[in-house]
Amino acid sequence: MEMRCAIYARYSSDMQKPESIDDQIGECKRYIEKRGWHLLEDQVYNDFAITSSDITREGYVRLKQAALQHRFDFIVVDDLSRLGRNTAESIQTFSELTFCGVNIASVADGIDTSQKGAKMPFYFKSIMNEFFSG
């Protein structure tokens, strides 16, 4: 079965380079290609210079809405911290998305929520991401 994929990328402050969005998207595209999955070009979401603890980020909100409408099978992120640094929100998102059949793959973390046993590393990484957010 061909997996339909979306990508989410974000950088958090004016101190970071806008090019990091392109770098993240590039990593995600390589990951998708390596697995023989299919990137839906109209399902690439991003947020610029916005902290991940802000759960009202425009790109993030649109991503979640599309996911809950099951427009794709996977959300691919370069690093789970790009998706969010709020533990409660991350765990809620994990629960909502996996319940409706949408999984999350994090390239740098090696987390794929479609795999058995992914819940614990996802939760642990979510806690660590919030801890390191400041």
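Below is a short write-up of the structure.

Cut-offs used in this document
- Residues numbered from 1 in each chain as written.
- Predicted model: local features only at pLDDT ≥ 70, side-chain atom pairs only at ≥ 80, totals over all residues.
- Heavy atoms only, no water.
- Axes fitted to C-alpha atoms, helices over the stretch in contact; angles between N-to-C directions.
- Helix = DSSP H or I, 4+ residues; strand = E, 2+ residues; numbered from the N terminus.
- Parallel < 35°, antiparallel > 145°, perpendicular 65-115°, else oblique.
- Left-handed = near helix turned anticlockwise from the far one by under 90°.
- Contact = heavy atoms within 4.5 Å.
- Nonpolar A, V, L, I, M, F, W, Y, C, P; charged D, E, K, R; others polar.
- Salt bridge = Lys/Arg side-chain N within 4 Å of Asp/Glu carboxyl O.
- Phe/Tyr/Trp six-rings, centres within 6.5 Å; stacked < 30°, edge-to-face > 60°.
- Buried < 20%, exposed > 50% of the residue type's maximum accessible area, 1.4 Å probe, protein only.

**Describing the packing of helix H2 (residues 58–68) against helix H4 (residues 87–99)**
How two helices pack is summed up by the angle between their axes together with the distance between the axes.
Line of reasoning, step 1. Where H2 meets H4, the axes come as close as 10 Å, and the angle between the chain directions of the two elements is 25 degrees. As summarised for this structure, H2 and H4 are arranged roughly parallel, according to the angle between their axes. Between H2 and H4 lies a crossing whose hand is left-handed. When H2 is examined against H4, the residues Tyr60, Lys64, Ala67 and Leu68 are found in contact with a partner set consisting of Glu89, Thr93, Glu96 and Leu97.
Line of reasoning, step 2. Here the residues of the contact of H2 with H4 sort into four nonpolar, one polar and three charged.

**Points about the pattern of salt bridges**
Line of reasoning, step 1. Enumeration according to the criterion identifies five salt bridges in this entry.
Line of reasoning, step 2. Among the ionic pairs, Lys125 bridges to Asp109, the shortest N-O distance being 3.2 Å. Residue Lys125 is found in helix H5 (residues 119–131), and its partner Asp109 is found in the loop between strand S4 (103–106) and strand S5 (111–112); the two are separated by 16 residues along the sequence.
Line of reasoning, step 3. Connected through shared salt-bridge partners, Lys64, Glu89 and Glu96 make up one network.

**Some points on the packing of aromatic side chains**
Line of reasoning, step 1. Going through the model one piece at a time under the given rule, you end up with six aromatic pairs.
Line of reasoning, step 2. Taking 5.7 Å as the distance between ring centres and 80 degrees as the angle between the ring planes, the aromatic pair formed by Tyr11 and Phe48 counts as edge-to-face. In this pair, Tyr11 is assigned in the loop between strand S1 (4–10) and helix H1 (19–35) and Phe48 in the loop between strand S2 (38–47) and H2, connecting sequence segments 37 residues apart.
Line of reasoning, step 3. Looking at Tyr11, the relative accessible area reads 8%, which means it is buried.
Line of reasoning, step 4. You can call Phe48 partly exposed: its relative accessible area is 43%.
Line of reasoning, step 5. Ring centres 5.9 Å apart and planes at 75 degrees place the aromatic pair Tyr31 and Trp37 in the edge-to-face group.

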